[in-house]
Amino acid sequence: MTTEFAGSQYVIEIIYLIASALFILSLKWMSSPATARHGILAGEIGMVLAIGGTMLHHGIVDWKWIIIALVLGSGIGIPLGMVQMTAVPQRTALSHAFGALCVTLVGTAEFYLRSPDVPKFMMSVLSMEVILGGLTFTGSLMAAGKLQEILPQRPITYKGQNLVNFLLFCVAVGSAVYLVLHPGMRPLFPLMVGISLIFGVLLVIPIGGADMPTVISLLNSYAGLSAAAMGFVLQNKLLIIAGALDGSSGFILSVIMSKAMNRSFTNVLFGAFGQVQTSAAAGQEAKPVRSATPEEAAAILAAANKVVIVPGYGMAVAQAQHKVRELYDLLTKKGVEVRFAIHPVAGRMPGHMNVLLAEADIPYDRLIEMDEINGDFPQTDVALVIGANDVTNPAARTDHSSPIFGMPILDVDKAHTVMVIKRSMNPGFAGIDNPLYYLDNTLMLFGDAKQFVGAIVRELGGGH
Amino acid sequence: MGSSIIDALFVFMLAAFIGFEVVRHVSPLLHTPLMSLTNALDAIAVVGAIVLVGEHPNSRFATVLGVIAIIAATSNVVGGFFITDRMLRMFKTSRSTKP
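Rules of the game
- Residues numbered from 1 in each chain as written.
- Chains lettered and ligands numbered in written order.
- Predicted model: local features only at pLDDT ≥ 70, side-chain atom pairs only at ≥ 80, totals over all residues.
- pLDDT = per-residue confidence, 0-100.
- Helix = DSSP H or I, 4+ residues; strand = E, 2+ residues; numbered from the N terminus.
- Contact = placed C-beta atoms within 7 Å.
- Domains from an automatic or database assignment.
- Buried ≥ 20, exposed ≤ 12 C-beta atoms within 10 Å, placed from the backbone.
- Pairing = 2+ DSSP bridges.
- Core = buried A, V, L, I, M, F, W, Y, C linked by C-beta atoms within 7 Å.
- Axes fitted to C-alpha atoms, helices over the stretch in contact; angles between N-to-C directions.

**Student:** Explain the confidence of the model for chain A residue by residue, including any values.
**Tutor:** Residues shown with low pLDDT carry predicted positions that ought not to be read at fine detail. Residue and element names in this part refer to chain A. The predicted model of chain A has a mean per-residue pLDDT of 88, with 92% of residues at 70 or higher. The lowest-confidence element of chain A is helix 11 (residues 273–282), averaging 41 in pLDDT; the highest-confidence one is helix 4 (residues 88–114), averaging 95. Overall, residues 272–284 carries pLDDT values under 50, and its contacts beyond four positions in sequence, including any with other chains, amount to 29 contacts.

**Student:** Explain the environment of Thr-32 of chain B to me, and be specific about the residues and the numbers.
**Tutor:** Along the chain, the position of Thr-32 of chain B falls in helix 2 (residues 31–42). When the C-alpha atoms of Thr-32 of chain B and Lys-92 of chain B are compared, they prove to be 16 Å apart, with 60 residues separating the residues in sequence. With residues near it in sequence (within four places) discarded, Thr-32 of chain B still touches Val-88, Met-349, Pro-350, Gly-351, His-352, Asn-354 and Val-355 of chain A together with Met-87 of chain B.

**Student:** Mind laying out the domain arrangement of chain A, listing which residues take part and the relevant values?
**Tutor:** All names here are of chain A. Here the domain parsing of chain A yields domain 1 (1–61), domain 2 (62–271) and domain 3 (284–462). Distance between the C-alpha centres of domain 1 and domain 2: 24 Å. Taken together, the contacts link 7 residues of domain 1 with 6 residues of domain 2. Examining the composition of the side of domain 1 that touches domain 2, we find that 5 residues originate from one element, helix 1 (residues 3–28), more than from any other.

**Student:** Tell me about the pairing of strand 5 (residues 417–422) of chain A, and please be specific about residues and values.
**Tutor:** Residues and elements named next belong to chain A. In terms of burial, strand 5 is a largely internal element, 5 of the 6 residues being buried. In the sheet, strand 4 (residues 382–386) pairs with strand 5 via 5 bridges, with the strands oriented parallel. Each bridged residue has a counterpart across the sheet, and for Val-382 the counterpart in strand 5 is Thr-417. As defined by bridge partners, strand 5 adjoins strand 6 (residues 442–446) across 5 bridges and the pair is classed as parallel. Considered in strand 6, the bridge of Ile-421 is made with Leu-445.

**Student:** Which residues make up the nonpolar core, and what values do they have?
**Tutor:** Judged by nonpolar contacts, the single largest core of 195 residues is most densely connected at Cys-102 and Ile-386 of chain A together with Ala-45, Val-46 and Ile-70 of chain B. The biggest single contributor to this core is helix 8 (residues 212–234) of chain A, with 15 residues. Aside from chain neighbours lying at most four places away, what touches Val-46 of chain B is Ile-51 and Cys-102 of chain A together with Ile-70, Ala-73, Thr-74 and Val-77 of chain B.

**Student:** How would you sum up the pairing of strand 1 (residues 306–311) of chain A? Please name residues and give values.
**Tutor:** All names here are of chain A. Counted residue by residue, strand 1 has 5 buried out of 6 residues, so it is predominantly covered. Taken together, the 4 bridges between strand 1 and strand 2 (residues 337–342) define a ladder with parallel strand orientation. Residue Ile-309 lies in a different strand from strand 2, and its bridge partner there is Phe-340. As paired elements, strand 1 and strand 4 share 5 bridges and run parallel to each other. Looking across to strand 4, one finds that Pro-311 is bridged to Ile-386.

**Student:** Tell me about the sheet that holds strand 1 of chain A, residues and numbers included.
**Tutor:** All names here are of chain A. The 6 strands are arranged 3-2-1-4-5-6 in an open sheet whose pairing can be described as parallel. At either margin of the open sheet sits one strand with a lone partner, and together these are strand 3 (367–369) and strand 6. Taking each pair of neighbouring strands and ignoring which way they run, the sheet shows an average axis angle of 25°. As paired elements, strand 2 and strand 3 share 3 bridges and run parallel to each other. Residue pairing in the sheet places Ala-341 in a bridge with Ile-368 of strand 3. Strands in contact with helix 15 (residues 352–359) are strand 1, strand 2 and strand 3; relative to strand 2, the strand with the most contacts, it is inclined by about 145°.

**Student:** Could you give me a rundown of the environment of Val-47 of chain B, with the residues and numbers involved?
**Tutor:** By the secondary structure assignment, Val-47 of chain B is in helix 3 (residues 46–55). In contact with Val-47 of chain B, other than residues within four places in its own chain, are Ala-50, Ile-51, Thr-54, Asn-236 and Leu-239 of chain A.

Encoded structure:
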């Protein structure tokens, strides 16, 4: 070992140290919208330093392919950074898949370069790297496909599903254990990777659209952990740190998401939501509801002092957020206090609604979290529900037999008047009937969210 | 070798705790940009792929896998930072949006 090598190695390690600090600061600055953009800058500087520092690596002898790949990757990254805000969930799932693909491929190459001389600890983390990476790759592709509606959003289930999944997982882990003991058994490696890839597909197909926020968070966590495992294999502390940060971030988000649905991880992963509810919805007959026209809705809104708008995924599907902004502007101009109540699992990924409303230029200090706004509903004149269903279902508080019993909800039923924009009385995605619609203080506004809000806006605007 | 494994485990443990503490304080408002940012940061895995390709010019297997890995990770770096920035620019307070 020459001193020159040791020198460049030190420089690289110092650069990685600085990059690690910048990554941590980057996440820290995300705590508030006021500092968040500094966070991006810190992350970007850290990334440029890290990649630049890696180029100093003494062992790198061939540059051509590295440069070509970096240019191609940037070329793909730019359009992926320009997608519409409604498409952010599938873009995120796709990028989890890309991250996991990178980790799996590097792990695979490392195995074949090192086998059969792979120490036991190294082989264990290497197996973890490719198993987690493999299942995250295909699982995220499935999630992206479902979100993009290339694949059916309904849960796909069959008999003995959990048993099949469990057995596959056992085979993958079994192969890993055998490889740790006998790292020369090269043919076992593709088996382990292949099973992980299949396992990822099978893990996500039984999961429905409403559970996507939890699943995306969980895949986020797995992607991070697989990168951390790669850091162990390559003895790269920067990778370990970045992977651990990403892993814990995804984990925290999954916990928040499953709490917001009152469900455990195992329940999300192993109990397709759709099955339970078909029977629950079948037992109900037509009950009377009160409906209103856009003119009536506009009059009620104009007479109110306090309005809370509850947006859900339906608003995003109907692309109604810009019309909602116009409604917000008109009402605010009339002196009505308008706020938005955001349920943690509204939309298809954590924080999805906030981004959509921010894109429509609604100030973020008007977007209020569930716990903060729930106490205000009794003093609210009008709660306007747009494209949200299960998160407003009062059965979650009272009806022990309801499949969503115990899930924290927005207490819109406590507002003086509730108005719900909905296409028809068909039960929502999960197929659960919502008693909110039959309450005396509820008015149903039947129609497409965008058109209906547009009609209300015309009514209000026509007044002066 | 033994002590470097332990060192690495210490680093992982500490980083995970820092991650928990830091992310716990992220406003739910920013959960979507948080995820796209961590995604971009996680793509630091690209450094592993760069070393892999650079060190093994004679292994076609390593080069092919490594090049695909660099492409995948770089697209996450570029796309991830880009979209996070776009999202954060949209977040405005009522004061700043009032004309």
